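Residue-level structure breakdown
Residues per chain, in single letters:
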Amino acid sequence: MKIYTKTGDKGQTSLANGQRVSKTDVRIAAYGTADELNSVVGLLRSKLDDQQFAWVQNKLFNLGAYLAGAEGEWINQIDVTQLEQWMDEMQAMVQPQHAFVLPGGSESIALCHVCRTITRRLERAMWQIDGINELCVQWVNRLSDYWFLKAQIETQRAKITPFYWKK
């Protein structure tokens, strides 16, 4: 079977349930952003050996399935709670922030911030979908905070002075 189908050549694509929609549909934008985020997480994972990232990548695929219209429960309260637990653990290990942090310091720190900003874009895209599962959006909201804390943890681990915004 060939990789190309030619079925999208006229600006339409299929959701998981078979429904044909425009490639500019908000669902396509949302699961495309989830896919983009997953790719950047993969890049970050190649820089930092963190088993949490594999879990996040799997959940992002689950989220993409939901956004593409696949039947089933793809993100649940246990997933939200897991992120919150990890964030509580990380937050206990870092100093409180008293100023805005500028992305940078190392490649992995910058990639954590790229993940954070793509996650925020994903959240905005999801809110454009009528009838969106708010638990899924909640998970994405937590995920952006998770990336911010991962950047702080990596900054501390690498003994790098954070770049603070100066007015």
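Residues numbered from 1 in each chain as written. Predicted model: local features only at pLDDT ≥ 70, side-chain atom pairs only at ≥ 80, totals over all residues. Heavy atoms only, no water.

1. Observations concerning the nonpolar core
What tends to happen in soluble globular proteins is that the nonpolar side chains get buried as a cluster. Counting residues in hydrophobic clusters, the biggest one holds 40 residues, and the most contacted among them are L63, L122, M126, Y146 and W147. Element by element, the count of residues in this core is highest for helix α5 (residues 134-157), at 10 residues. Leave out the neighbours within four places in its chain, and W147 touches L37, V41, L44, F53, V56, C112, C115, R116 and T119. (Core = buried A, V, L, I, M, F, W, Y, C linked by side-chain atoms within 4.5 Å. Buried < 20%, exposed > 50% of the residue type's maximum accessible area, 1.4 Å probe, protein only. Helix = DSSP H or I, 4+ residues; strand = E, 2+ residues; numbered from the N terminus. Contact = heavy atoms within 4.5 Å.)

2. Observations concerning a nonpolar patch on the surface
Taken together, the side chains of F100, L102, F163 and W165 define a hydrophobic patch exposed on the protein surface, amounting to about 460 Å² of accessible area. Tracing the backbone through its elements, the reader meets W165 in the segment after β4 (163-164). Overall, the relative accessible area of 47% leaves W165 in the partly exposed class. (Patch = residues over 30% accessible without salt bridge, like charges linked within 9 Å, V, L, I, M, F, W, Y side chains within 5 Å. Areas by Shrake-Rupley, 256 points an atom, 1.4 Å probe, with all protein chains shown as cover. Salt bridge = Lys/Arg side-chain N within 4 Å of Asp/Glu carboxyl O.)

3. Some thoughts on the pattern of salt bridges
All chains considered together, the criterion is met by 8 salt bridges. The partner of K150 in a salt bridge is D50, with the nearest N and O atoms 2.5 Å apart. In this pair, K150 is assigned in helix α5 and D50 in the loop between α1 (26-47) and α2 (51-67), connecting sequence segments 100 residues apart. The exposure classification of K150 matches that of D50, with both residues buried. Two residues, R120 and D145, come together in a salt bridge whose shortest N-O distance is 3.3 Å. Here the residue R120 occupies a position in helix α4 (residues 107-127), and D145 occupies one in helix α5, the gap between them amounting to 25 residues. Looking at R120, the relative accessible area reads 29%, which means it is partly exposed. On the basis of relative accessible area, D145 is assigned to the partly exposed category, the value being 31%.

4. As for the environment of N17
Locating N17 in the fold gives a position in the loop between β1 (12-14) and β2 (20-22). Its relative accessible area of 47% is what places N17 among the partly exposed residues. Apart from the residues lying within four places of it in its own chain, the contact partners of N17 are A68 and G69. Engagement of the side chain of N17 in a polar contact is seen with the backbone nitrogen of Q19, the distance being 3.0 Å. (Polar contact = N/O pair within 3.5 Å; in protein donor to acceptor, adjacent residues only side chain to side chain.)

5. Quick notes on α2
When the terminal C-alpha atoms of α2 are compared, their 25 Å separation across 17 residues agrees well with the 24 Å that a helix rising 1.5 Å per residue should span. Across the 17 residues that make up α2, a large majority, 12, are buried. Of the residues making up α2, those classed as buried are Q52, F53, A54, V56, Q57, K59, L60, L63, G64, A65, Y66 and L67. Looking at the buried positions of α2, the neighbouring elements they touch are α1, α3 (77-91), α4 and α5. A side-chain oxygen of the first residue of α2 lies 2.9 Å from the backbone nitrogen of Q52; this N-cap is D50. G69 sits one or two positions beyond α2 and adopts a positive phi of about 90°. (Expected span 1.5 Å × (residues − 1).)

So yeah, pure geometry; function would need other evidence.
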